[in-house]
Amino acid sequence: MENSQAKVLPAFPEVPKMKGAILINGEILTEGFASREVHSTCASGEPVLLGTTPNVDAAMLLRAVDAAHHAWAKGQGDWPTARMEDRINAVSAFRDAMVARRELVCRLLMWEIGKSWLDSQAEFDRTILYVNDTIEELKRLDRDSTRLQFAGGLVAQIRRAPLGVTLCMGPFNYPLNETFTTLIPALIMGNTVVVKLARFGQLLWEPLLEAFRDCFPKGVVNIINGLGREIVAPSIQSGKIDVLAFIGSSRVASQIKAEHPNPHRFRSILSLDAKNPAVVLADADIDNAVSECIKGSLSFNGQRCTALKMLFVHRSVAAEFTKKMAAKIDALPTGLPWTPGVQITPLPDLGKPAYLQSLIDDAVKKGATLVNPALGGKVEGTLFHPALLRGVSLDSRVANEEQFGPVIPIREFDSIEEVEDYIVHSHSGAQVSLFGRDPNILGGMIDRLANQVCRINLNSQCQRGPDVFPFTGRKDSAEGTLSVYDALRCFSIRSMVAAKQDSAGKAVVRGILEKDTSRFFSSHVVI
Ligand code: G3H
C-alpha cells in the first residue's frame, strides 16, 4: 500500500470507504492482489482518502481473460449461445440493481474525479437511458432479423452473432457512461467481457460488482483494476482477446494493437484523440458563440474528448468575442463539486496543473497573450482557473496537443482557408463547430469539412449526445462507430442460415422453426 497523509472526509457528503474488490469468474475477490490508496483532490488542503482500489498484476488480468475465454468456450458457451431474450433479461435485471445503487455510485464518481454533483447524476442517468435504449434497439434488430429472406432460390435468415472475448477500457472523464457504452452492447450481443478500469473513477464500480456477479453467468463479466501500461500487453499477446473496446489516446491504442499475435482476427472499436476546433465567422451571433464556446471548452473543466480545444475567430470580431469570453470565464463559479451551481472543479490528476501551465508558458513564449491574468491559470489544489489565450501561434503546443483541461486558445484569422488548412492537416478528425449565418459561406465550409471530421455542429458546441447519433471520427480520432444503433453492430457479426427454396429445403426450415429447436435460427420474437 502506498503511504498516506490523507485527511478524513468532511462530514458532507459522506462516502463509505471502499475496500477494493475485483470480479473474476463469478467471484468477488478482496485479497490476493496488491492495492493502492485512492485520494480525492476535492479538498481545500491535502487530498482526501476515499479508500483502496485493487492494483492487480499481469497474471491476475490473464486470469480474468482466462475466465472470459472459458465462458466464451470457442463460441459454444451458454452466454454466447443464449437466446436474445435471456440476455436482455439479464441486462435488465442488472440495470434495476444498478439503479438501486445510484446515490452511492454518483457520490463516488463525484469524489474521485471531481465531477459536479449535478453532472455526476447526469452521467448516471444518461447511462441508464443508454441501457434502456440499447434494449429497445436490440429488440427492433432482433425482430427484423427473424424475418426470412428469399433470394437466388434460397430461403435464409440473417442474424447477428457475437465476436468473442472483449477487453473494455473506458476513460477517466466518463468512467461510468463511456465504459458502459461499450460494455453493455458487447455483453448483450453475447460476447464475454473483461473490464480494465480507467486511471480515475474506479471506486464507483465496487458497489456494482455484486449486481454483475448475480445477473450474469460466471466468467461472462470480469472486472479488474491495474496499471494498464504494466499489465495489458501479456493478455493481448496471449491471443485470447478477440475485441478491443478502448477509449483513450491513439498512442496507447497503437501499442496495444501491435501486441496481438493475429492482427487480422483482432477487432477494435476505438474512440481516441480529438482536437475539435470552433470557427467563429465574421457574421456570427457573438453572444451565442461565446456561450457555446464556454460550454464547449469548459464543461467538466474541458476534460471531454468532444471539448472545443482550439478557437479560430475572425479578426473583425475577435476583440469583442475575446472580451466577452474573458468576462464570462472569470465569472464562472468555481469550487468543490457538491457546491450548488459550480462549474469549475478540481482536476483529478495531481500532475495536470503543471502540464497546463507549461502549455500557457509555451504559447506566451511564441507570442500569445494571457487575456485573463488575474485569474487565468491560478491554481488552488488542483482547481485550475480557466486560462484564455489570444494570438496563439499555430506552432505552439496548445494549438497541437489535446490539452484536456481548462486552457482555451484563440487564434485570430483573416481567411477561411487558413482555418481549413489547420483542420486538413490535423491528425485528428472528430468534430468541428461553425458559428455564422451566411448560408453560402456555411454551405461551402460544410462541403469541404464533411470529409475531414464526422460531425459539424452549426452554432453550437461539439458533443457526443444524444447517444442515438453516430459518435466516431476520422484519422487518429476513432475506429468504428458508437451509438445505440451502431454499437450493437460493432460488437457482432452477421451470421446466416440458408436452405434451398425447394420442397425439401422448405420442410427442413419449417421443421426447425415450428419445433423451435434452435436458439439462433428461430422465429421467436422478443417483445
Ligand atoms: O469525452 C467524450 C464524451 O463522450 C463526451 O460526451 O459530448 O456528451 O460530453 P459529451
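Every value quoted in this text rests on a predicted model; they were computed, and no experiment measured them. (Residues numbered from 1 in each chain as written. Predicted model: local features only at pLDDT ≥ 70, side-chain atom pairs only at ≥ 80, totals over all residues. Heavy atoms only, no water.)

1. Remarks on the sheet that holds strand β21 (residues 455–458)
Argument step 1. The strand order across the open sheet formed by seven strands is β14-β17-β18-β13-β12-β20-β21, and the pairing between neighbours is mixed. At either margin of the open sheet sits one strand with a lone partner, and together these are β14 (369–370) and β21.
Argument step 2. Bridging between strand β12 (residues 276–280) and strand β20 (residues 431–435) involves three bridges; their strand directions are parallel. Residue Val 279 lies in a different strand from β20, and its bridge partner there is Leu 434.
Argument step 3. Here helix α9 (residues 286–298) sits on the sheet and contacts β12, β13 (308–314), β18 (407–413) and β20; the angle it forms with β13, its principal contact strand, is near 160°.
Argument step 4. Against the sheet, helix α10 (residues 315–330) contacts β12, β13, β17 (387–390) and β18, and its axis sits at roughly 135° relative to β13. (Pairing = 2+ DSSP bridges. Helix = DSSP H or I, 4+ residues; strand = E, 2+ residues; numbered from the N terminus. Contact = heavy atoms within 4.5 Å. Axes fitted to C-alpha atoms, helices over the stretch in contact; angles between N-to-C directions.)

2. Section: the site of the ligand
Argument step 1. Lining the immediate surroundings of the ligand are Arg 126, Asn 173, Tyr 174, Glu 178, Arg 304, Cys 305, Thr 306, Gln 463, Arg 464, Gly 465 and Phe 471.
Argument step 2. Within the side chain of Tyr 174, a nitrogen or oxygen atom sits 2.4 Å from an oxygen atom of the ligand.
Argument step 3. In this structure, Thr 306 approaches the ligand through a side-chain N or O atom, which is 2.6 Å from an oxygen atom.
Argument step 4. Compared with its free state, where it exposes 300 Å², the ligand has 95% of that area covered by protein.
Argument step 5. According to the grid-proximity analysis, the pocket containing the ligand is the second largest pocket.
Argument step 6. When its residues are assigned to classes, the shell around the ligand shows three nonpolar, four polar and four charged.
Argument step 7. Per-domain counts for the shell around the ligand show at least three residues from each of domain 1 (23–42 + 57–272 + 480–490) and domain 2 (276–467). (Near = heavy atom within 4 Å. Polar contact = N/O pair within 3.5 Å; in protein donor to acceptor, adjacent residues only side chain to side chain. Areas by Shrake-Rupley, 256 points an atom, 1.4 Å probe, with all protein chains shown as cover. 1 Å grid on protein atoms, 1.4 Å probe; cavity = no way out; pocket = protein on both sides within 12 Å on 5 of 7 lines; lining within 4 Å. Sits in = over half its atoms within 2 Å of the grid points. Nonpolar A, V, L, I, M, F, W, Y, C, P; charged D, E, K, R; others polar. Domains from an automatic or database assignment.)

3. Observations regarding helix α13 (residues 439–449)
Argument step 1. For α13, the complete set of buried residues consists of Leu 442, Gly 444, Met 445 and Leu 449. One face of α13 carries all of its buried residues, which in axial projection span an arc of 165°. Among the exposed residues of α13, those oriented more than 90 degrees off its buried face are Pro 439, Asn 440 and Asp 447.
Argument step 2. Those residues of α13 that are buried are in contact with β12, α12 (416–425), β20 and β21.
Argument step 3. Its side-chain oxygen placed 2.8 Å from the backbone nitrogen of Asn 440, Asp 438 serves as the N-cap of α13. (Buried < 20%, exposed > 50% of the residue type's maximum accessible area, 1.4 Å probe, protein only. Arc of directions from axis to C-beta.)

4. Quick look at the domain arrangement of the protein chain
Argument step 1. Taken domain by domain, the protein chain consists of domain 1 (23–42 + 57–272 + 480–490) and domain 2 (276–467).
Argument step 2. Of note, the centres of domain 1 and domain 2, computed from C-alpha atoms alone, are 32 Å apart.
Argument step 3. When the shortest N-O distance is used, the salt bridge between Asp 467 and Arg 126 registers 3.0 Å.
Argument step 4. Between the two partners, domain 1 and domain 2, sit 10 residue pairs in polar contact (both at pLDDT 80 or more).
Argument step 5. Of all the secondary structure elements, the ones that give two or more residues to the side of domain 1 that touches domain 2 are α3 (102–113), α4 (117–146) and α5 (177–188).
Argument step 6. Sorting elements by how many residues they give to the side of domain 1 that touches domain 2 places α3 first, with four residues.
Argument step 7. Each residue belonging to the side of domain 1 that touches domain 2 can be placed in one class, and the counts come to 11 nonpolar, six polar and five charged. (Salt bridge = Lys/Arg side-chain N within 4 Å of Asp/Glu carboxyl O.)

5. A look at empty space enclosed by the protein
Argument step 1. This structure, assessed with the given rule, holds five cavities of 30 Å³ or more.
Argument step 2. Here the largest cavity is characterised by a volume of approximately 90 Å³.
Argument step 3. Around the largest cavity, the lining is made up of 14 residues, and of these Ser 271, Ala 430, Phe 471, Thr 472 and Ser 477 lie nearest the centre.
Argument step 4. Roughly 80 Å³ of internal volume is contained in the second largest cavity. (Points joined across faces, edges and corners; volume = space filled by probe spheres on them.)

6. A few points about α10
Argument step 1. The first and last C-alpha atoms of α10 sit 23 Å apart over 16 residues, in line with the 22 Å expected at 1.5 Å per residue.
Argument step 2. Among the residues making up α10, those that are buried are Val 317, Ala 318, Phe 321, Thr 322, Met 325, Ala 326 and Ile 329.
Argument step 3. Those residues of α10 hidden inside the fold are in contact with β12, α9, β13, β17 and β18. (Expected span 1.5 Å × (residues − 1).)

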